[in-house]
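Each chain, written out:
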Amino acid sequence: MNKLMITAALTGAEVTKEQHPALPVTPEEIAIAAYECFKAGASIIHIHARENDGTPSQNIEIYREIIERIKEKCDVIIQVSTGGAVGMTMEERMQPIFLKPEMATLSTGTVNFGDSVFLNSPNDMEKLADSMLNEGILPEFEIFEVGMIQNALKLVSKRDLKHLHFDFVIGVPGAIPATIENLLLLKSQIPNDATWTVAGIGRHQLPMAVYAMLMGGHVRVGFEDNIFYKKGVFANSNAQLIERIVRIADEIGREIATPTEARKILGLGI
Ligand code: KMH
Ligand code: ZN
């Protein structure tokens, strides 16, 4: 089977230190967590920044410090968030792409997000796609609902992208439910030569990851999506969640992709 790329989503925009004291929020904490996840088997680090008071931030200088600190420790693939937090403007959200990371997220549609709305207008998506391609960044299409795949393919049809990579974010309250039928449906909608990752939310993180591993897909885990190890038991760290995926992958015969191997799979730097 193909090698498994594991993305570590360390921080996100919604989880707080009050909910989990081990949530990495400062650049130093995020870099340490990234390095631990890299050592555990993650090849991609999905980054969100926070202000000193813990509120979500897309400030380019904070992202710059996070990326520099991670790069000092390891050569993992950096994927910045352009989703930020609900309510941010697109100008605010897109700041970290100007640091030219290898990857960035690109959410291709508006979707309910718990009690909020995560807004991605067609015009904003076009603008973001163009800016990312200008900076030489590989987008990871964030798919919260099935129609968002069609939006992504529409963006792609007008642009020159060498490789398509999708992240199925499945189980967000208000968006597509985390079922194996829905995962099969999402996979059926993307081109055969595209790669895909699954980010199951909350209690769905582990089962969705296991389905993805068996189906030849890739996996995202981390505190952004889930802070529990199992029902009623907090995970100690982001790395602990990566370690479990690595153990299961070993049992089912999926070797883990190093960052260099992940770059090859994604067509980065070619
Ligand atoms: N925080 C969510 C509203 C991304 O990183 O691009 C959006 C999000 C997606 O987390
Ligand atoms: Zn994110």
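What you see is a predicted model; the values in this text were computed from it and never measured. (Residues numbered from 1 in each chain as written. Chains lettered and ligands numbered in written order. Predicted model: local features only at pLDDT ≥ 70, side-chain atom pairs only at ≥ 80, totals over all residues. Heavy atoms only, no water.)

Enquirer: Residue-level account of the nonpolar core, with values.
Expert: Note on soluble globular proteins: their nonpolar side chains tend to be buried together. Residues Ile 45, Ile 70, Phe 141, Phe 144, Phe 166 and Phe 168 are the most contacted members of the largest nonpolar core, which totals 79 residues. Examining the composition of this core, we find that six residues originate from one element, helix 1 (residues 27–40), more than from any other. Look past the residues within four positions of Phe 141 in its chain and what remains in contact with it is Leu 106, Thr 108, Ala 152, Val 156, Leu 161, Leu 164, His 165, Phe 166 and Asp 167. (Core = buried A, V, L, I, M, F, W, Y, C linked by side-chain atoms within 4.5 Å. Buried < 20%, exposed > 50% of the residue type's maximum accessible area, 1.4 Å probe, protein only. Helix = DSSP H or I, 4+ residues; strand = E, 2+ residues; numbered from the N terminus. Contact = heavy atoms within 4.5 Å.)

Enquirer: So what's going on with the environment of Gly 109? Residues and values would help.
Expert: Along the chain, the position of Gly 109 falls in the loop between strand 6 (103–107) and strand 7 (111–113). Taking relative accessible area as the criterion, Gly 109 reaches 5% and is therefore assigned buried. Residues Gly 109 and Ala 152, spaced 43 residues apart in sequence, show a C-alpha to C-alpha distance of 8.5 Å.

Enquirer: Please provide a residue-by-residue account of the site of ligand 1, values included.
Expert: In the region of ligand 1, 13 residues are neighbours, and Glu 14, His 48, Ser 81, Gly 84 and Thr 105 sit closest. Taking His 46, its side chain carries an N or O atom lying 3.1 Å from an oxygen atom of ligand 1. Contacts to ligand 1 include Thr 105, whose side-chain N or O atom sits 2.6 Å from an oxygen atom. Relative to its unbound accessible surface of 300 Å², ligand 1 loses 97% to contact with the protein. In a pocket analysis with a 2 Å cut-off to the grid points, ligand 1 is assigned to the largest pocket. In the shell around ligand 1, the residues fall into four nonpolar, seven polar and two charged. (Near = heavy atom within 4 Å. Polar contact = N/O pair within 3.5 Å; in protein donor to acceptor, adjacent residues only side chain to side chain. Areas by Shrake-Rupley, 256 points an atom, 1.4 Å probe, with all protein chains shown as cover. 1 Å grid on protein atoms, 1.4 Å probe; cavity = no way out; pocket = protein on both sides within 12 Å on 5 of 7 lines; lining within 4 Å. Sits in = over half its atoms within 2 Å of the grid points. Nonpolar A, V, L, I, M, F, W, Y, C, P; charged D, E, K, R; others polar.)

Enquirer: Before we move on, could you go through the packing of helix 1 against helix 8 (residues 238–252) and cite the residues and values that matter?
Expert: Look at helix 1 against helix 8: their axes get within 8 Å of each other, and the N-to-C directions meet at 10 degrees. When the interaxial angle is binned, helix 1 and helix 8 end up roughly parallel. Helix-helix and strand crossings are classified by hand; for helix 1 and helix 8 the assignment is right-handed. Residues Glu 36, Cys 37 and Ala 40 of helix 1 pack against Asn 238, Ala 239, Ile 242, Glu 243 and Val 246 of helix 8. Its residues assigned to classes, the contact of helix 1 with helix 8 comprises five nonpolar, one polar and two charged. (Axes fitted to C-alpha atoms, helices over the stretch in contact; angles between N-to-C directions. Parallel < 35°, antiparallel > 145°, perpendicular 65-115°, else oblique. Left-handed = near helix turned anticlockwise from the far one by under 90°.)

Enquirer: Go over the sheet that holds strand 9 (residues 138–143) with me, naming the residues and quoting the values.
Expert: Strands sit in the order 1-2-5-6-9-10-11-12 around a closed barrel of eight strands; the barrel is parallel. Pairs of neighbouring strands in the sheet enclose a mean axial angle of 25 degrees, with direction left out of account. Looking at chain direction, strand 11 (residues 195–200) and strand 12 (residues 218–221) are connected through two bridges and run parallel. Along strand 12, the bridge assignment pairs Val 198 with Val 219. Each of strand 6, strand 9 and strand 10 (165–170) is contacted by helix 5 (residues 147–157), which is oriented at about 155 degrees to strand 9, the strand it contacts most. (Pairing = 2+ DSSP bridges.)

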